[in-house]
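Working through the structure, step by step
Each chain, written out:
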Amino acid sequence: MKTSSYDVVVVGAGNAALCAAMSAREQGASVLVLERAPIEKRGGNSAFTAGGFRMVHDGLNTIRKLVPDLTEDEIAKTDFGQYTVEEYLDDLARITQYHIDPDLAELFVKRSTETVLWIKEKGLRFQANFGRQAFMHEGRFKFFTGYVCSVIGGGLGLVDGEFKAAEQNGVVIRYKARATSLLRNDAGVAGVRALIDGVEEEIHARAVVLASGGFEGNREWRARYLGPGWDLAKVRGTRYNTGDGLQMALDVGAQPYGQWSGCHSCSWERYAPDYGEPDAKTSGQRHCYQFGIIVNGDGKRFLDEGEDYRNFTFGKHGPAVLKQPGGYAYQVFDAHGVKFHRSEYKLRGATKVQANTLEELVQKMGDVNPEGFLKTVREYNAAIKTDVPFNPNIKDGRCTVGLDIPRSNWAHPLQEPPFEAYSVGTGITFTFGGIKIDTTTRVLDIADQPIKGLYTAGEMIGGIWYFNYPGAAGLMCGAVFGRLAGQEAGKFAKG
Ligand SMILES: Cc1cc2nc3c(=O)[nH]c(=O)nc-3n(C[C@H](O)[C@H](O)[C@H](O)COP(=O)(O)OP(=O)(O)OC[C@H]3O[C@@H](n4cnc5c(N)ncnc54)[C@H](O)[C@@H]3O)c2cc1C
């Protein structure tokens, strides 16, 4: 069998893996990255993102370090807010219903800002997310939460920049290279076995970093762990995350950790292809529901569309839609709501109907009960506290009163034609189940003892996400733990 040897092997080539590879090189280790995908589909789910990082910041002072080319005009008309360690930790605790591992949460929050600045030092450029994370309202932008900056070029810009920086620093990358198992000797993990372009190879290494994502791309595991119906969900991102790294770790005694029955999943174009495309032009996301209502086939609302900022709610909508009769729903807007639509609503692939009356709209939807729908809209419109001013940049408290399914913010009567309805199903982003690590990213066995030579990062870490997830925390978490895993694996290998 073909063999080769490196100090550190990194399995996967998304954001977490590439951060690990770059930081292992900083320790002087020779580093090989194995990417299962071919070069043109490289970068995992990280390539599908908007490139956004949720980080601790103190407003303009921090944002300017990341985005030095902000204009004076942008600065004058923007409130960047701030996001303290305490606010970030509070959000994580609340969003995960207080299940998040507190040691891991603290570690990734406290290292968030320095890690984004480290990525910038590697040559990546950032921008402030005007229009997506802050609306122009009464002449000013106001950012909602800790998600202010993203990499220019989005997810593709992020991974292209990281691949470039890694290769410039001497990291070796092999494509169509699927790791299949871990090698072991008396000292612990000693490398990986992989199928590279169909040929089996043993790669010996002092340390292995597993960063090959979750199992969202694996229909059979989805049905097995997430439950009935999840085999039918569309995958928002890469097809290559099928749980290989998790299986490899479990096979050497790693401890399963976190919510194996949970995932991040949102409303997604109902007739989208089975897997995503890392190109905003074909995105199936529908992220402006807080400016309309969502109804099922009975014409009934089934969740509070304005419960919180979009970043804190979109990850819960997928399971809610999956549970509806037929597994579909419609996002419905009037002309006021349409004003807030992001570009994805205007894409060719959107399943959309438009009409000048609600009666005509529901006929065009085709599979929504007309009486149920018209009753829902009538009751919803009548229940809105219209005396509370509407403000898209804050939780404005413009709510409904007396409805079974409440509406907490940004409520606006559906009354101004033209009306639009978008049909959505469920799109899965990533799975929450993972393996247990200590605060230096060493993989732990069932007795909480480290498995020597084995580290992990990114979505493979268990114990972080439960029930929900705050937007832009995935890349942040992957970068912090990836960087740390590379550092530790590099030190271990060189020591
Ligand atoms: C459409 C979409 C939009 C998103 N937007 C955002 C956002 O704006 N901000 C944010 O923070 N998060 C976002 N996320 C979530 C984010 O993508 C993840 O949290 C993050 O990218 C996970 O990084 P990772 O490195 O752990 O995994 P990934 O980036 O998925 O990388 C996994 C890698 O492992 C490889 N691999 C799998 N199996 C093997 C194997 N056997 N051998 C070798 N390689 C293997 C894959 O090919 C891939 O390269 C989004 C996700 C999606 C799908």
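Below, the structure is looked at part by part. (Residues numbered from 1 in each chain as written. Predicted model: local features only at pLDDT ≥ 70, side-chain atom pairs only at ≥ 80, totals over all residues. Heavy atoms only, no water.)

On to the overall build of the chain, then. Within the chain, the secondary structure is distributed over 14 helices and 22 strands. Since a compact globule built from 495 residues should have a radius of gyration of about 23 Å, the 23 Å found for the chain is in line with a globular shape. Each of the three principal axes of the chain carries a C-alpha extent, and together these read 70 × 50 × 40 Å. Split into buried and exposed, the 495 residues of the chain put 62% on the buried side. Here the analysis covers contacts within the chain between residues at least 6 apart in sequence; of these, 74% occur between residues at least 24 apart. Within the structure as shown, the chain displays about 19,200 Å² of accessible surface, and the carbon and sulfur contribution to it stands at 48%. Across the chain, the centroid of the 57 positively charged side chains sits 3 Å from that of the 59 negatively charged ones. (Helix = DSSP H or I, 4+ residues; strand = E, 2+ residues; numbered from the N terminus. Rg over C-alpha atoms; globule rule 2.2 N^0.38 Å. Buried < 20%, exposed > 50% of the residue type's maximum accessible area, 1.4 Å probe, protein only. Contact = heavy atoms within 4.5 Å. Areas by Shrake-Rupley, 256 points an atom, 1.4 Å probe, with all protein chains shown as cover. Lys, Arg positive; Asp, Glu negative; His and termini not counted. Charge placed at Lys NZ, Arg CZ, Asp CG, Glu CD.)

In this section: the pattern of salt bridges. Inspection of every chain in the model, using the stated rule, returns 32 salt bridges. Across the pair Asp308 and Lys395 runs a salt bridge, and its minimum N-O distance is 3.3 Å. Placement of the pair is Asp308 in the loop between strand E16 (293-295) and helix H10 (310-322) and Lys395 in the loop between helix H13 (370-383) and strand E19 (419-431), with a sequence separation of 87 residues. The class for Asp308 is buried, based on a relative accessible area of 7%. Overlapping salt bridges bring together Asp91, Arg94, Asp308 and Lys395 as one network. (Salt bridge = Lys/Arg side-chain N within 4 Å of Asp/Glu carboxyl O.)

The strands that make up a sheet pair up through hydrogen bonds in the backbone, lying either parallel or antiparallel. Taken together, 3 strands build an open sheet; the order of strands is E3-E8-E5 and the sheet is antiparallel. Among the strands making up the open sheet, the edge pair consists of strand E3 (52-54) and strand E5 (126-128). Between one strand and the next, the sheet's axes are offset by a mean angle of 35 degrees, whatever the strand orientation. Two strands pair when backbone bridges link them, and E5 and strand E8 (residues 147-151) are joined in this way by 3 bridges, in the antiparallel orientation. Bridging from a neighbouring strand, Gln127 pairs with Ser150 of E8. (Pairing = 2+ DSSP bridges. Axes fitted to C-alpha atoms, helices over the stretch in contact; angles between N-to-C directions.)

Taken together, the neighbourhood of the ligand is formed by 38 residues, with Glu35, Ser46, Asn241, Glu459 and Leu475 sitting nearest. Interatomic distance of 2.8 Å between a backbone N/O atom of Asn45 and an oxygen atom of the ligand. Elements with a contribution of two residues or more to the shell around the ligand: helix H1 (15-26), strand E10 (177-185), E19 and helix H14 (473-494). In the shell around the ligand, the residues fall into 15 nonpolar, 17 polar and 6 charged. (Near = heavy atom within 4 Å. Polar contact = N/O pair within 3.5 Å; in protein donor to acceptor, adjacent residues only side chain to side chain. Nonpolar A, V, L, I, M, F, W, Y, C, P; charged D, E, K, R; others polar.)

Moving on, we come to the packing of helix H5 (residues 102-110) against H14. Each pair of packed helices can be described by the angle between their axes along with the distance between the axes. Contact geometry for H5 and H14: axes closest at 9 Å, N-to-C directions at 95 degrees. As far as their axial angle goes, H14 and H5 are roughly perpendicular. For the pair H5 and H14, the contacting residues are Leu104, Leu107 and Phe108 in the first and Ala473, Met476, Cys477, Val480, Phe481 and Leu484 in the second. (Parallel < 35°, antiparallel > 145°, perpendicular 65-115°, else oblique.)

Let us look at the packing of aromatic side chains. One pass over the full model with this rule turns up 28 aromatic pairs. For the pair Phe215 and Trp260, a centre-to-centre distance of 5.8 Å together with 20 degrees between the ring planes defines the contact as stacked. Note that Phe215 is positioned in the loop between strand E12 (199-210) and helix H8 (219-226) and Trp260 in the loop between strand E14 (256-257) and strand E15 (263-269), a separation of 45 residues in sequence. The class for Phe215 is buried, based on a relative accessible area of 0%. Residue classification places Trp260 among the buried positions, given a relative accessible area of 13%. Plain terms: the ring middles of Tyr345 and Tyr422 are 4.9 Å apart, the flat faces sit at 85 degrees to each other, and that makes the pair edge-to-face. Of this pair, Tyr345 sits in the loop between helix H11 (335-338) and strand E18 (352-355) while Tyr422 sits in strand E19, placing them 77 residues apart in sequence. We note that Tyr345, like Tyr422, is buried. (Phe/Tyr/Trp six-rings, centres within 6.5 Å; stacked < 30°, edge-to-face > 60°.)

Here the focus is the environment of Lys494. Residue placement: Lys494 occurs in helix H14. On the basis of relative accessible area, Lys494 is assigned to the partly exposed category, the value being 46%. As a C-alpha pair, Lys494 and Ala207 span 287 residues in sequence and 9.5 Å in three-dimensional space. In contact with Lys494, other than residues within four places in its own chain, are Asp7, Gln27, Gly28 and Ala29. At a separation of 3.5 Å, a polar atom in the side chain of Lys494 contacts the side chain of Asp7.

Here 3 strands make up an open sheet; going across it, the order is E4-E7-E6 and the pairing mixed. Both edges of this open sheet fall to strand E4 (78-79) and strand E6 (136-137), since each of them pairs with a single strand only. When E6 meets strand E7 (residues 140-142), the two strands line up antiparallel, connected through 2 bridges. The residue bridging His137 from the neighbouring strand is Arg140, located in E7.

As a further point, take the side chain of Asn391. Assignment of secondary structure puts Asn391 in the loop between H13 and E19. For Asn391, a relative accessible area of 17% corresponds to the buried category. A polar side-chain atom of Asn391 sits 2.9 Å from the main-chain amide nitrogen of Asn393. Sequence-distant contacts of Asn391, defined by excluding residues within four places in its chain, comprise His137, Asp396 and Trp410.

With that settled, the discussion passes to helix H12 (residues 358-365). Residues of H12 that are buried include every one of Leu358, Leu361, Val362 and Met365, and no others. In an axial view of H12, the angular spread of the buried residues amounts to 90 degrees, which keeps them on one side of the axis. Along its buried surface, H12 packs onto strand E17 (329-333), E18, H13 and E19. Just past H12, the residue Gly366 takes up positive phi, approximately 90 degrees. (Arc of directions from axis to C-beta.)

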